[in-house]
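Tertiary structure, described
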Amino acid sequence: MTSSPEKAFTASTSPIPLELLKRPDPILFFEEVILYESELDDNGISMLSCKVRVMPDRMLLLARLFMRLDNVLVRIRDTRVYVDFKTGEVIREYTAREEEFENLRSVRYQYMNLATIITNLII
Amino acid sequence: MPVTVHPPQPATMSTLHATREAFPSTVMPELTTTSHSRHGFTISARKLPISKSNEIEEMEKNLHIPVPEMIFGNNLIAIEYQGAAGEAWKIEFNAFDALDMVDKTDKQMLKVAYSSAWSRSRYVGNLKDDFFSL
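Residues numbered from 1 in each chain as written. Chains lettered and ligands numbered in written order. Predicted model: local features only at pLDDT ≥ 70, side-chain atom pairs only at ≥ 80, totals over all residues. Heavy atoms only, no water.

1. Quick word on the overall build of chain A
Basically, it comes down to this: Helix numbers and strand numbers start at the N terminus; a helix is a DSSP run of H or I with at least 4 residues, a strand a run of E with at least 2. Only the protein chains shown count as covering a residue, and every accessible area follows the Shrake-Rupley method with a 1.4 Å probe.
The helix and strand inventory of chain A stands at two helices and six strands. Its helices and strands in sequence order give chain A the pattern β-α-β-β-β-β-β-α, from N to C terminus. Roughly 7,000 Å² of accessible area belongs to chain A as shown, and the carbon and sulfur atoms make up 52% of that amount.

2. Section: the nonpolar core
Counted only if it meets this: We define the nonpolar core as a collection of buried residues of types Ala, Val, Leu, Ile, Met, Phe, Trp, Tyr and Cys that are connected through side-chain atoms lying within 4.5 Å of one another. Exposed residues in this analysis have more than 50% of their type's maximum accessible area, buried residues have under 20%, and partly exposed residues fall in between, with area computed by a 1.4 Å probe over protein chains only. It only takes one pair of heavy atoms within 4.5 Å for two residues to be counted as in contact.
Core analysis: the largest hydrophobic core is formed by 31 residues, its most contacted members being Cys50(A), Met59(A), Leu61(A), Ile79(B) and Phe93(B). For Met59(A), the residues in contact, after removing those within four places along its chain, are Val52(A), Arg53(A), Val54(A), Val81(A), Tyr82(A), Val83(A), Phe85(A), Ile43(B) and Ile79(B). Counting residues in each nonpolar core, the second largest holds seven residues, with Ile45(A), Val74(A), Phe101(A) and Ile118(A) among its members.

3. Some points on the confidence of the model for chain A
It should be kept in mind that the predicted coordinates are not to be read in detail where pLDDT is low. Under the convention used in this document: Within a predicted model, pLDDT stands for the predictor's per-residue confidence, ranging from 0 to 100.
Chain-level statistics for chain A give a pLDDT mean of 87 and a share of 81% at 70 or above. By mean pLDDT, the top-scoring element of chain A is strand β2 (residues 29-38) of chain A (97), and the lowest-scoring one is strand β1 (residues 2-3) of chain A (56).

4. Section: the sheet that holds strand β5 (residues 73-84) of chain A
Just so we agree on the cut-off: When DSSP locates at least two bridges between a pair of strands, those strands are taken to pair.
If you walk across this open sheet you meet the six strands as β6(A)-β5(A)-β4(A)-β3(A)-β2(A)-β3(B), and the pairing is antiparallel. Of all strands in the sheet, those with a lone pairing partner are β6 (89-100) of chain A together with β3 (70-71) of chain B, marking the two edges. Relative to strand β4 (residues 58-69) of chain A, strand β3 (residues 44-54) of chain A runs antiparallel, the two sharing eleven bridges. Within β4(A), the residue paired with Gly44(A) across the bridge is Leu69(A).

5. Concerning the confidence of the model for chain B
All names here are of chain B. Per-residue confidence for chain B gives a mean pLDDT of 81, with 71% of residues at or over 70. Within chain B, the element-level pLDDT minimum falls on helix α4 (residues 127-132), averaging 61, and the maximum on strand β2 (residues 41-46), averaging 97. The model gives residues 11-19 a pLDDT under 50, and that stretch makes six contacts with residues more than four places away or in other chains. For this predicted complex, the interface confidence reaches an ipTM of 0.83, while the overall pTM sits at 0.77.

Shown next, in the form of structure tokens:
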């Protein structure tokens with residue numbers, strides 16, 4: 001990720017407004033690209049993808065690194081960029097979750113399901 | 001009875017439009033980059049096939065680490081802002097920059113599940129003594 005040095009991000013406590021993003025606003029532009037994918041020499045999967053959706057008043061970008069090292073751990077690292085077009089405010093949020101396979105025992109049979117894994121990972 | 005076979009007629013080439021219909025070539029990236037502008041912000045995305053071997057060599061040379069098996073070195077999503085007063089800002093997500101941030105030392109490497117079992121099974125004794133004692 002490259003970002004202009006003149007306007008650097010500064011620490012903030014304002015979260016990305018998830019409620020506003022849940023509104024059924026029309027999506028004017030949507031794209032999802034894969035940046036890289038690897039099967040770790042058949043030891044799991046590592047994938048970096050980026051998707052973006054643009055609505056009339058705001059937009060959200062999600063760059064996600066999903067990694068599963070079989071029988072070792074699962075790791076998800078998300079970078080979200082939110083833009084409010086009216087105010088010109090840009091919020092960048094990075095979250096990382098990770099858990100060892102042993103501790104995911106209860107959902108082991110569903111470990112291919114990303115949504116299930118996410119709820120079991122520690123932030 | 002002689003049969004005349006007409007050679008297949010070449011399809012008429014239509015003008016190359018600057019849309020998704022363009023052939024996925026990295027030569028003219030602007031043809032395969034889609035974008036949308038709104039209130040001074042321009043969001044662009046580029047989706048091209050997997051990087052070719054010469055592109056991969058170039059990346060590995062500059063990164064100093066091997067790249068993942070399937071690398072889309074030309075894919076990107078970027079947000080750019082152009083203000084009325086001339087202020088500019090941009091953020092871009094691409095494979096090269098993401099990999100450039102990876103730890104290139106061997107300090108925090110993960111190990112595969114069977115690595116400790118494999119290490120234990122390796123011969124640890126004194127090979128020379130055992131060989132001559134046979």
